[in-house]
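A structural walkthrough
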Amino acid sequence: MTVRVNKPAFNLREKLSELERPIGVKGSELMRADTAQDARDFISAGRKNKIINGAMLIDQRHGGASNTNSNGFHLDRFRTQVSSMDQLVQSYQQVSDGPPGFPKSLKITTTTPETDISASSEYVSLYQKIEGQNLQDLAYGTSSAKPVTVSFYVKSSITGTFGYTVYRNESTDRAINKTYTINNANTWERKTITLEGDSVAAIGNANTDNWWNCWHLAASPGYMSAQTSVWANYAGGNWAGFHEQNGVVTTNNATWYITGVQIEVGKNATEFEHRSYGEELALCQRYYQNSYNQGVGQYPGDTNNDNGMIQTCWSDGNSPFGMFPTPMRVAPTVTLRQRGTNNTGKVENSGASKTASAQQISNQGVGYIAVSSGVAGGWCAFTYELNAEL
């Protein structure tokens, strides 16, 4: 005899949610996923962070020392750009301050404030540029364009609403403006921003600066006159759309910190992807390298910290060089300094200062150093910097 038992249909998700601890944190997230891609995004499967040095660990140029170059790099891959400021002076430094799990951050301190930000061309922005070829999985310019989520930790002595912009450097430039709010002064807060996919315009597939992540610290009204919360063609009026708070720049001794920066595919901000120091350094060296002692900091002219190269010259007096530790984005600009000095375009050749230049430069290495009146069979001592930044 066959016995058939019929039971009414039920919703598995609802039944699991009735359990006190159904399947843990990640399992609970999975149950909210509508598609396979959503599930992957929720559990953070695979490599995900498009940002390099998001934990602010690598500082090849300054070794943790403060600098005041408002239009330069302050940590690897992060730089500021300042336009038309009249009085502003700021210091920039990698510091040992961060939320739990983040030992380092970038600190910006205003030491001489700007008195007024009303001129049409004034702004202060921190940014990191990303190569277009690293963003092709976003499928921009198609009906399958994917959203991305930006997350970061920020702390400031100034509360209020700040602007975040992605500017895309394309044949027809594109931009999108978003905001985040600092609610509590001098307190680490995590912020998340989701950007919709751009189905209209593709991202250029090259090793160029197609994508700029911009955190605005100040902007005059003209840069907010055409603000857009969706992807649109770029105009000067949407450079800093929706930005409100200029106090970091107009307040003496104001501070602003950032760390834990992540950009990932999807609508959800997941846990930060921590990479090892060695891996992060190699990623940074695609854009910048030097021969300095990272452990103690390097300032050209400090003989005790010089960790350059000493090579035996060939019979023609020129010096060998060799391959770079990491292949670079393009053939870099090579800056040579005589060991123990800030004399650029020089080497120390058997005890004498000689004019020198790098030759046969590729993204893999330098063929040799041409030394003017070099001593055959002598020695050459120098430090170097390699710059292939976007």
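Computed from a predicted structure; not experimentally measured. (Residues numbered from 1 in each chain as written. Predicted model: local features only at pLDDT ≥ 70, side-chain atom pairs only at ≥ 80, totals over all residues. Heavy atoms only, no water.)

1. Regarding the nonpolar core
Defined as follows: As used in this record, nonpolar core signifies buried Ala, Val, Leu, Ile, Met, Phe, Trp, Tyr and Cys residues forming a set joined through side-chain atoms within 4.5 Å. Any residue under 20% of the maximum accessible area for its type is buried, any over 50% is exposed, and the rest in between are partly exposed; the area is computed with a 1.4 Å probe on protein chains only. Only runs of H or I of at least four residues qualify as helices and only runs of E of at least two qualify as strands under DSSP, and these elements are numbered from the N terminus. Whether two residues are in contact is decided by their heavy atoms: any pair within 4.5 Å suffices.
The biggest cluster of nonpolar side chains holds 45 residues, and the ones touching the most others in it are Phe 152, Tyr 180, Leu 195, Trp 211, Trp 215, Trp 256 and Ile 258. Looking at this core element by element, the count peaks at five residues for strand 12 (residues 255-265). Discounting chain neighbours no more than four positions away, the residues touching Tyr 180 are Phe 152, Val 154, Gly 160, Thr 161, Phe 162, Gly 163, Lys 191, Ile 193, Trp 215 and Trp 256.

2. Points about the sheet that holds strand 6 (residues 148-156)
The test is simple: Pairing between two strands is assigned when DSSP locates at least 2 bridges connecting them. Lines are fitted to the C-alpha atoms to define the axes, a helix being fitted only along its stretch in contact, and any angle between axes, read from their N-to-C directions, falls within 0 to 180 degrees.
Here five strands make up an open sheet; going across it, the order is 3-4-12-6-9 and the pairing antiparallel. Because the sheet does not close on itself, it has two edges, and the strands there are strand 3 (89-95) and strand 9 (189-195). Neighbouring strand axes in the sheet, compared pairwise and without regard to direction, differ in orientation by 25° on average. Strand direction decides the pairing type here: strand 3 and strand 4 (residues 105-112), joined by seven bridges, are antiparallel. Along strand 4, the bridge assignment pairs Val 95 with Ser 105.

3. Remarks on the pairing of strand 6
A regular strand carries its side chains on alternate faces of the sheet. The buried fraction of strand 6 is high, at nine of nine residues. Side-chain alternation along strand 6 places Val 148, Val 150, Phe 152, Val 154 and Ser 156 on one buried face and Thr 149, Ser 151, Tyr 153 and Lys 155 on a second face that is also buried. Taken together, the seven bridges between strand 6 and strand 9 define a ladder with antiparallel strand orientation. Paired with Tyr 153 across the two strands is Arg 190, which belongs to strand 9. Sheet topology places strand 6 next to strand 12; eight bridges connect them, and they run antiparallel. Considered in strand 12, the bridge of Val 148 is made with Val 265.

4. Focus: the environment of Val 249
Along the polypeptide, Val 249 turns up in helix 4 (residues 247-250). Measuring from C-alpha to C-alpha, the distance between Val 249 and Ala 218 comes to 6.4 Å, with 31 residues separating the pair along the chain. Once residues lying within four places of it in the same chain are set aside, the contact partners of Val 249 are Met 85, Leu 88, Gln 90, Thr 110, Pro 113, Glu 114, Ile 117, Val 124, Leu 217 and Ala 218.

5. Points about the pattern of salt bridges
What counts is decided by this rule: For this analysis, a salt bridge means a side-chain nitrogen from Lys or Arg found within 4 Å of a carboxyl oxygen belonging to Asp or Glu.
On inspection of all chains with the given rule, the structure shows 17 salt bridges. As a salt-bridge pair, Asp 198 and Arg 168 come within 2.7 Å of each other at their nearest N and O atoms. Taken as a pair, Asp 198 in the loop between strand 9 and strand 10 (209-219) and Arg 168 in strand 7 (residues 160-168) lie far apart in primary sequence, 30 residues in all. For Arg 168, a relative accessible area of 0% translates into the label buried. Between Arg 174 and Asp 198 there is a salt bridge, with its nearest N and O atoms 3.0 Å apart.

6. Comments concerning the packing of aromatic side chains
Condition: Side-chain rings of Phe, Tyr and Trp, where Trp is taken by its six-membered ring, are said to pair if the distance between their centres is within 6.5 Å; with planes under 30 degrees apart they count as stacked, over 60 as edge-to-face, and otherwise as tilted.
Under the criterion given, the structure shown has 22 aromatic pairs. Taking 5.1 Å as the distance between ring centres and 85° as the angle between the ring planes, the aromatic pair formed by Phe 152 and Tyr 180 counts as edge-to-face. With Phe 152 in strand 6 and Tyr 180 in strand 8 (residues 174-182), the pair connects residues that are 28 residues apart, well separated along the chain. Since its relative accessible area comes to 0%, Phe 152 is described here as buried. The exposure class assigned to Tyr 180 is buried, which follows from its relative accessible area of 4%. With a centroid separation of 5.9 Å and an interplanar angle of 65°, the aromatic rings of Trp 188 and Tyr 257 are classed as edge-to-face. Of the two residues, Trp 188 is situated in the loop between strand 8 and strand 9 and Tyr 257 in strand 12; the sequence distance between them amounts to 69 residues. For Trp 188, a relative accessible area of 18% puts it in the buried group.

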